[in-house]
Amino acid sequence: MEILKLQNLPLLCASSSHRRSSPATISCLRSYLLGCSCINVSTNQREYLRLPRRSNLRIWKSSVNCMASASVTREKEDRNEKENLVSGDAIRRRFLDFFASQGHKILPSSSLVPDDPTVFLTIAGMLQFKPIFLGKEPRKVACATTSQKCMRTNDIENVGRTARHHTFFEMLGNFSFGDYFKKEAILWAWELTTKEFGLPPEKLWISVFQDDDEAFSIWRNEVGVPEERIKRMGEEDNFWNSGVTGPCGPCSEMYYDFHPERGSSDADLGDDSRFIEFYNLVFMQYNKKEDGSLEPLKQKNIDTGMGLERMAQILQNVPNNYETDLIFPIIEKAAHMASISYSKADDTTKTNLKVIGDHMRAVVYLISDGVMPSNIGRGYVVRRLIRRVVRTGRLIGIRGDGLGSPDGAFTPVLAETVIALSTEIDPDVSLRKTAIVEELKREELRFVQTLERGEKLLDQFLVDALTQEKPCLSGKDAFLLYDTYGFPVEITAEIASERGVTVNMKEFEVEMNNQRKQSQAAHNVVKLSVGNEMEIAEGIPDTEFLGYDSLSVRAVVKGILVNGNPVKHVSEGTEVEVLLDRTPFYAESGGQIGDNGLLYSLGDGNEKSKTVVEINDVQKSLGNIFVHKGMLKEGSLEVGKEIDASVDAKLRLRAKVHHTATHLLQSALKAVTGPETSQAGSLVSFDRLRFDFNFHRPLTDDEITEIEALVNCWISEAADLDTKVMVLADAKKAGAIAMFGEKYGEQVKAENVNARVESVLEELRATRNEVSSLKSKIAVLRASNVASKGLVVGQNNIRVVVENMDDTDTDALRSAAEFLTESLQDPVAIVLGSIPDEGKVSLVASFSPEVVKMGIQAGKFIGNIAKLCGGGGGGKPNFAQAGGRKPENLSMALERAKEELLTALSSDAVRSN
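Here is what the cut-offs are and how they apply
Along each chain, the written sequence defines residue order, and numbers are assigned to residues from 1. It should be noted that, the model being predicted, local features are given only for residues of pLDDT at least 70 and side-chain atom pairs only at 80 or more, the latter also being counted only at that level, while totals for whole chains, interfaces and linings use all residues. For side-chain calculations, the full set of non-hydrogen atoms in the structure is used, while hydrogens and water are omitted. In DSSP terms, a helix is any run of H or I states spanning at least four residues, a strand is any run of E spanning at least two, and both are numbered starting from the N terminus. Here's how the labels work: a residue is buried when its accessible area is under 20% of the maximum for its type, exposed when over 50%, partly exposed in between, all with a 1.4 Å probe on protein chains only. Any two residues having at least one pair of non-hydrogen atoms within 4.5 Å are treated as being in contact. In these tables, accessible area is a Shrake-Rupley quantity obtained with a 1.4 Å probe, and a residue counts as shielded only by the protein chains included in the view. Grid points spaced at 1 Å over the protein atoms alone were grouped into cavities, where a 1.4 Å probe fits but cannot get out, and pockets, open sets with protein on both sides within 12 Å along at least five of seven lines, with lining residues defined by an atom within 4 Å of a point. Grid points are joined across faces, edges and corners, and a volume is the space filled by probe spheres set on the points. Gly falls in the polar group here, along with every residue not listed as nonpolar (Ala, Val, Leu, Ile, Met, Phe, Trp, Tyr, Cys, Pro) or charged (Asp, Glu, Lys, Arg). For the purposes of this section, nonpolar cores are sets of buried Ala, Val, Leu, Ile, Met, Phe, Trp, Tyr and Cys residues that join through side-chain atoms within 4.5 Å. Here the expected length of a helix is defined as 1.5 Å per residue gap, with one fewer gap than residues. Here is the rule: rings of Phe, Tyr and Trp (six-membered ring for Trp) pair when centre to centre is within 6.5 Å. Planes less than 30 degrees apart are stacked, more than 60 are edge-to-face, and the remainder are tilted. By the criterion adopted, a ring carries a charge over it if an Arg CZ or a Lys NZ lies within 6 Å of its centre and within 35 degrees of its normal. Nitrogen and oxygen atoms within 3.5 Å of one another constitute a polar contact, given that in protein one can donate a hydrogen and the other can accept it, and given that sequence-neighbouring residues count only through two side-chain atoms. Strands qualify as paired when DSSP identifies two bridges or more between them. Structural elements are reduced to axes, namely lines fitted to C-alpha atoms, with helices fitted over the stretch in contact, and the angle between N-to-C directions of any two is expressed from 0 to 180 degrees. Any angle that is under 35 degrees is reported as roughly parallel, and any over 145 degrees as roughly antiparallel; angles of 65 to 115 degrees are reported as roughly perpendicular and all others as oblique. A clockwise turn of the near helix away from the far one marks a right-handed crossing, whereas an anticlockwise turn of less than a right angle marks a left-handed crossing. Confidence of the predictor at the level of single residues is given by pLDDT, which spans 0 to 100.

1. Observations regarding the overall build of the protein
(1) Moving on: Helix and strand content of the protein: 26 helices and 37 strands.
(2) Moving on: Buried residues in the protein amount to 46% of all 913 residues.
(3) Moving on: Considering only intrachain contacts with a sequence separation of at least 6, the fraction spanning at least 24 residues in the protein is 67%.
(4) Moving on: Within the structure as shown, the protein displays about 45,600 Å² of accessible surface, and the carbon and sulfur contribution to it stands at 48%.

Now the structure itself:
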């Protein structure tokens, strides 16, 4: 007889031929035995269990093995589910869904190429909402949430060297446009962080602006953060400015503490080894005037940002952002191609691998958004990043394509890994895979040739340096090799050392610092106001453009600027900028320059009342305001005056000719060189046109001749031009091509678009209001029927109504709950649920004052119920809404809600209504 020891209980086994069992098997064995009729045996003061005889042993083993297998499977499923909840994609989705359940509209990420001439690249989540924050565009929704692709290159030298510096990153944000403000933003941030993402409250620290007593009080008194973990900080850290003037306000930041054991005494939130700032809440409540004074904004806004990569680092419990599942697969691929192990690599090699992982994400998304490598502007950013990847890859040992071909390129291989990770970030990336891969291949192979030329130049520099008494390579030469030819200074120094030459590193750092300053000055500011445009544009509506239908209209002067300052009246000989309520003048956009012409008034025939303004340029300012620039040639001009606005018809015709020729040229280029040719810019003027395009090589003489012949042939056919208004998707199906950098709405190639769109929108608004009203009435009628199904509980005769309202939409569900609360006498507790759309759950809780006094709060209650439907939510103690993603669980969730309400509210028997 063999004895198996099970935890503290040995077992008598009927067979002596057994193997040592796994912990899972032992656990299941013990559970199994509790249900068996085994005999307890006591020998020498010890307890034993006698197992079944050999005849039953096989069945017994089979049962134990099945149970062990099931246990292991459950362990794996639990582990996988936990990992899935903290994946980068899951964090993004959970963030957006959380705020959607709080009434926010989920909006898509805008392009990395901003529709804003003051900003180089999209560097923040709030950028697409800039016109709304300025009050120059009406809000389309009261509050929104996004996951925005962002690019910053000002700290490029820190990429890979710190735990969380990146060029490309995602910013999760929630925004309020005059809807909720400070209290709601703070409470939701805390709920999201501690409840949805489950971060331990004791590991969270808060910073507030030093004078923001309101935010401090909310964090301490309403959220419950201990005072010692709330830090007041100065304007440099916790006050957000859009520029010298314009919207601004205090901000509050949330920090995660990796080492709470160090205590709160003398804690420094700037200590990167201990803290990471992951969520920033900006309270946009003031307008900064030119004298520096602050005045309250009429519309207070909320602008927040949570770094996705930072939250992933926290939740995935990894030492830095690079080792999250957002970036690490790219790093692993690069390490494999270099035949090295990341885990066993030294710090320098790990840094190089991080640079590759970061930069590959950046170039893939930039190229996908239409930015092609070049020597100017955004194209230079792409080229510089690709070259850093190539030289870094060669430095760690990647040769050729990294797969065995010495003449191939390796960046396309890495790009495929990036594209595979892009599905939930930007689905369009995978659609542009071929173009991205081909562009990277061309750029890498071209740069490899540049590197070889750089090696020759370095050799010449070293020969010259060896003629000196103390051979030294200048820092300027080292920087030239670095910046132009892509030579890492470490490689330059290593090669120079082998030849007995030193490198002037101090001079090299001076050159690097100069470049950093230029980069920071150019790329790290989002300007929400330019000069005093906010004051100028106050009260001035968007200009109605009528220039497609008429070249001359009657208009009213709404504003006059002289040297950028608003005036009421100007006299002859003054350069002016005139703002009109309507205009036939085309404002510069899409590469086409603004119209020329006249603003004039003949008055009553008296020469003194005559006005003539010669217009030589028209630009768009904030929102859609047309600024007519010119010289007041005769008479005077004042705000409110009615004038005639007339476009120079001959110049407009020339511009139209060149605009059409631009389209013909692009079509001919694609016909001759292939569809991968893309526009990179254009100029449509009165006397000429210029067309910029990206192609991997210069055009041959024969290709130029063929293109010219095609364009001339099409012109000679004198085909009629037909303007049609159609949905953007239909326009693309019909062969329309969206030019680089141009932004299109749903309706394109439109004539008299303002009036038409406004008319359609007015009809749509009226229809939506009517539909919404009808839905609410229907929901109220249904609610009046379910009121009789309620229960009366407790000594206070509390009415409880918990009901499934089928497909009722969220707004109508809210109306139904409000109706029931008002129609049934206090005390009353209402919980309603519905499935408004496929895959969505909507929940509402409404508690009367007497119920709230009993300690039951609607926000907390409905939030817990919503979790059963795969969602969350919250709100006020008396009224709250929530949502979820698992409609199949709604019935179960409502049943739980009823049980919990009855338990909480009952003090005597429940009786039916």
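Here the narrative resumes.
2. Comments concerning unusual backbone geometry
(1) Moving on: In this structure, aspartate 266 takes a positive phi of about 60° despite not being glycine.
(2) Moving on: Relative to the elements of secondary structure, aspartate 266 occurs in the loop between strand E11 (246-257) and strand E12 (275-288).
(3) Moving on: Unlike most non-glycine residues, serine 339 shows phi in positive territory, near 60°.
(4) Moving on: With respect to the element layout, serine 339 can be found in the loop between helix H9 (328-337) and helix H10 (347-368).
(5) Moving on: The exposed category is assigned to serine 339, whose relative accessible area is 67%.

3. What about the layout of surface pockets?
(1) Moving on: By volume, the second largest pocket is sized at about 1,600 Å³.
(2) Moving on: Forming the boundary of the second largest pocket are 46 residues, of which Arg152, Met171, Glu277, Asn280 and Arg310 lie nearest the centre.
(3) Moving on: For the lining of the second largest pocket, the secondary structure elements donating two or more residues are strand E7 (168-177), helix H7 (235-238), strand E10 (239-241), E11, E12, strand E13 (294-307) and helix H8 (308-316).
(4) Moving on: The biggest single contributor to the lining of the second largest pocket is E12, with six residues.
(5) Moving on: Split by residue class, the lining of the second largest pocket holds 19 nonpolar, 15 polar and 12 charged.

4. Focus: the nonpolar core
(1) Moving on: Judged by nonpolar contacts, the single largest core of 109 residues is most densely connected at Trp219, Phe278, Tyr279 and Met360.
(2) Moving on: Not counting the four nearest positions on each side in its chain, methionine 360 is found in contact with Ile330, Val389, Thr411, Leu414, Ala415, Val418 and Leu440.
(3) Moving on: In this structure, Phe847, Ala858, Ile862 and Ile865 belong to the second largest nonpolar core, which totals 27 residues.

5. Here's the deal with H10
(1) Moving on: Here H10 is 22 residues long and its end C-alpha atoms lie 32 Å apart, about the 32 Å a rise of 1.5 Å per residue gives.
(2) Moving on: By the criterion of burial, H10 is predominantly enclosed, with 19 of the 22 residues buried.
(3) Moving on: Positive phi shows up at glycine 370, right after H10, with a value of about 95°.

6. Things to note about the packing of aromatic side chains
(1) Moving on: The tally for this structure, following the rule as stated, stands at 22 aromatic pairs.
(2) Moving on: Look at phenylalanine 95 and tyrosine 279: their rings are 6.3 Å apart centre to centre, the planes differ by 65°, and that puts the pair in the edge-to-face class. With phenylalanine 95 in helix H3 (residues 88-100) and tyrosine 279 in strand E12, this pair connects stretches of sequence that are 184 residues apart. With respect to burial, phenylalanine 95 and tyrosine 279 carry one shared label: buried.
(3) Moving on: Arranged with centres 5.8 Å apart and planes meeting at 20°, the rings of phenylalanine 545 and phenylalanine 626 form a pair that is stacked. Taken as a pair, phenylalanine 545 in strand E16 (residues 544-545) and phenylalanine 626 in strand E24 (residues 626-634) lie far apart in primary sequence, 81 residues in all. No difference in accessibility class separates phenylalanine 545 from phenylalanine 626, as the two residues are buried.
(4) Moving on: Through successive ring pairs, a cluster of aromatic residues spans Phe95, Phe98, Phe99, Tyr180, Trp188 and Tyr279.
(5) Moving on: Taking the ring centre of tyrosine 342 as reference, the NZ or CZ of lysine 350 above it sits at 5.2 Å.
(6) Moving on: Geometry around phenylalanine 120 places arginine 378 over its ring, the cationic atom sitting 5.8 Å from the centre.

7. Thoughts on the side chain of threonine 574
(1) Moving on: Counting through the fold element by element, threonine 574 comes out in the loop between strand E19 (569-571) and strand E20 (575-580).
(2) Moving on: Polar side-chain contacts of threonine 574 include one of 2.8 Å to the backbone oxygen of serine 571.
(3) Moving on: The residues contacting threonine 574, other than those within four sequence positions of it, are Val562, Gly630, Met631 and Leu632.

8. Topic: the pairing of strand E36 (residues 879-884)
(1) Moving on: The buried fraction of E36 amounts to five of the six residues, a majority that puts the element mostly inside the structure.
(2) Moving on: Note that strand E34 (residues 841-847) and E36 share six bridges and pair antiparallel. Residue pairing for E36: serine 846 is matched across the bridge by phenylalanine 879.
(3) Moving on: As judged from the four bridges shared by strand E35 (residues 872-875) and E36, these two strands associate in the antiparallel manner. Residue pairing across strands places glycine 874 opposite glutamine 881, the latter belonging to E36.

9. Section: the packing of helix H11 (residues 377-396) against helix H14 (residues 433-465)
Two numbers describe a pair of packed helices, the interaxial angle and the distance between the axes.
(1) Moving on: Close contact between H11 and H14 brings their axes to 10 Å; oriented N to C, the two are set at 65°. Viewed along their axes, H11 and H14 adopt a mutual orientation that is roughly perpendicular. Considering how the two elements wind past one another, H11 and H14 form a crossing that is right-handed. On H14, the residues that touch Arg383, Ile386, Arg387, Val390, Arg391 and Arg394 of H11 are Leu440, Glu443, Glu444, Arg446, Phe447, Val448, Thr450, Leu451 and Glu455.
(2) Moving on: A class-by-class count of the residues in the contact of H11 with H14 yields six nonpolar, one polar and eight charged.

10. A closer look at the side chain of glutamine 285
(1) Moving on: The residue glutamine 285 is located in strand E12 in this model.
(2) Moving on: Given the relative accessible area of 8%, glutamine 285 is considered buried.
(3) Moving on: Residue contacts for glutamine 285: discarding those within four places in its chain leaves Phe181, Lys182, Cys248, Gly249, Pro250, Glu295, Pro296, Leu297 and Lys300.

11. Some points on the packing of H3 against helix H5 (residues 182-196)
(1) Moving on: Interhelical geometry of H3 versus H5 gives an angle of 135° and a closest axis separation of 11 Å. Taken together, H3 and H5 sit at an angle that is classed as oblique. The crossing of H3 and H5 is right-handed. Contacts between H3 and H5 involve Arg94, Phe95, Phe98 and Phe99 on the former and, on the latter, Trp188, Glu191, Leu192 and Glu196.
(2) Moving on: Of the residues in the contact of H3 with H5, the class split is five nonpolar, no polar and three charged.

12. Notes on the pairing of E13
Two faces, one strand: in a regular strand the side chains alternate between the faces of the sheet.
(1) Moving on: Where E7 meets E13, five bridges bridge the pair, whose relative direction is antiparallel. For methionine 171, the partnering residue across the bridge sits in E13 and is glycine 307.
(2) Moving on: With nine bridges connecting them, E12 and E13 associate as antiparallel partners. Residue phenylalanine 283 lies in a different strand from E13, and its bridge partner there is isoleucine 302.
(3) Moving on: Here E12 folds back onto E13 in antiparallel fashion, the turn holding five residues, of which glycine 292 has a positive phi close to 90°.

13. A word on the confidence of the model for the protein
(1) Moving on: Averaged over every residue, the pLDDT of the protein is 81; residues scoring 70 or more account for 80%.
(2) Moving on: Per-residue pLDDT stays below 50 along residues 1-61; that stretch engages in 82 contacts with residues further than four places along the chain or on separate chains.

14. Describing the environment of glycine 88
(1) Moving on: Residue placement: glycine 88 occurs in helix H3.
(2) Moving on: With relative accessibility at 0%, the residue glycine 88 sits in the buried group.
(3) Moving on: For glycine 88 and threonine 324, which are 236 residues apart along the polypeptide, the C-alpha to C-alpha distance reads 7.7 Å.
(4) Moving on: If we skip the residues at most four places from it in the chain, glycine 88 touches Leu308, Gln316, Asp325 and Leu326.

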